[in-house]
Amino acid sequence: MEIKVNVNAFEKDNMLGYARVTFDDKYVLENIKIKQNSQGYRYVELPKYSTVKKDENGNRIMKDDIRGGYEYEYKDIFHPYTEEASKAFTDAILTEYKNVHDNGANKNGTAYTIGNDSFSVGRVTVGLVKNYNEKNHTLGLANVSFNDMFIVENVKIKKSVSEEHKGENIIDMPTYRAVAKDEETKKPILDENGKTTYEYKDAFHAITSEGYHELYDNIMAEYNNKVAARGQAQMSNVAQNNVVAEQDNTSITQEGIPLFDDYDEPRNTGDSYINLTI
């Protein structure tokens, strides 16, 4: 695959700049931070989402303080998951940063090669919410791998509420918060009180119709498989419970049957949805 790296270099505290990486001119990852620690070591920080922290047994960890609630941790929205991919990906970004730092801005970016295959969807895993919520319209969440080298997490499957596509299933990519800027002047947009305004942008997303449909079709295929499997499990339990009901001369209703789902209902944290990681 070919990745194209664009870097906006600047220095502020431990920040050295931001990077944007395009994969085979089909997908793009935004808001990659390039940083430097106190010893001068440069490193890459990928965009993140927050999730409930769990112990080694998969149980949610509660806060120790009087406020209660769950503890949270941050995980990468998109990341390499092989050592080879991680090294190649990080080296490309840091190499491009050095080029820009030493020679000045490069608006066109620089192409680097990782592996021999094109960047395409591999394995998809989906979890369903236990209870559909009319407020956030989330049906499930997905993790998607690419070439067994990279993975994007926390992709939401939702019911559309727009008039044009109302009731249709859509995918909602994980987002990051950015300063809202005027398209022409590129200056920050201020509210009526003179304060900076913000907007949410997709951290990882398709930039071509081919890429979007590849991602959507694979996610929805796995989602539909999970829905069908859940329906079969429910029907099986109905049959089993009806046998018991006949023996006890009682009745069992469908509403009383538990759902066999991978996810609890997501909660909106302001930046992203908290979910149980697959």
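Rules used throughout
- Residues numbered from 1 in each chain as written.
- Predicted model: local features only at pLDDT ≥ 70, side-chain atom pairs only at ≥ 80, totals over all residues.
- Heavy atoms only, no water.
- Helix = DSSP H or I, 4+ residues; strand = E, 2+ residues; numbered from the N terminus.
- Buried < 20%, exposed > 50% of the residue type's maximum accessible area, 1.4 Å probe, protein only.
- pLDDT = per-residue confidence, 0-100.
- Contact = heavy atoms within 4.5 Å.
- Phe/Tyr/Trp six-rings, centres within 6.5 Å; stacked < 30°, edge-to-face > 60°.
- Lys NZ or Arg CZ within 6 Å of the ring centre and 35° of its normal.

Trainee: Could you give me a rundown of unusual backbone geometry, with the residues and numbers involved?
Mentor: Despite not being glycine, Asp13 has its phi angle at roughly 55°, a positive value. Here Asp13 lies in the loop between β1 (2–12) and β2 (15–23). Given the relative accessible area of 77%, Asp13 is considered exposed. Phi is positive for Asn31, close to 60°, though the residue is something other than glycine. With respect to the helices, strands and loops of the structure, Asn31 is situated in strand β3 (residues 27–36). Asn31 sits in the buried class, given a relative accessible area of 19%.

Trainee: Tell me about the confidence of the model for the protein chain, and please be specific about residues and values.
Mentor: Averaged over the protein chain, the pLDDT score is 82; the fraction of residues at 70 or greater is 83%. Within the model, pLDDT remains below 50 along residues 243–278, and this stretch shows 93 contacts once partners closer than five positions in the same chain are excluded.

Trainee: Give a description of the packing of aromatic side chains that names residues and reports values.
Mentor: In this structure the tally under the stated criterion is 18 aromatic pairs. Between Phe23 and Phe78, the ring centres sit 5.3 Å apart and the planes meet at 50°, which makes this aromatic pair tilted. One end of the pair, Phe23, is in strand β2; the other, Phe78, is in strand β7 (residues 78–80), with 55 residues separating them in the sequence. Looking at Phe23, the relative accessible area reads 0%, which means it is buried. Ring-pair connections join several aromatic residues into one group, and the members of that group are Phe23, Tyr27, Phe78, Phe89, Phe119, Phe146, Phe150 and Phe204. Stacked on the ring of Tyr70, the Lys or Arg Arg60 has its end atom at 4.9 Å from the ring centre.

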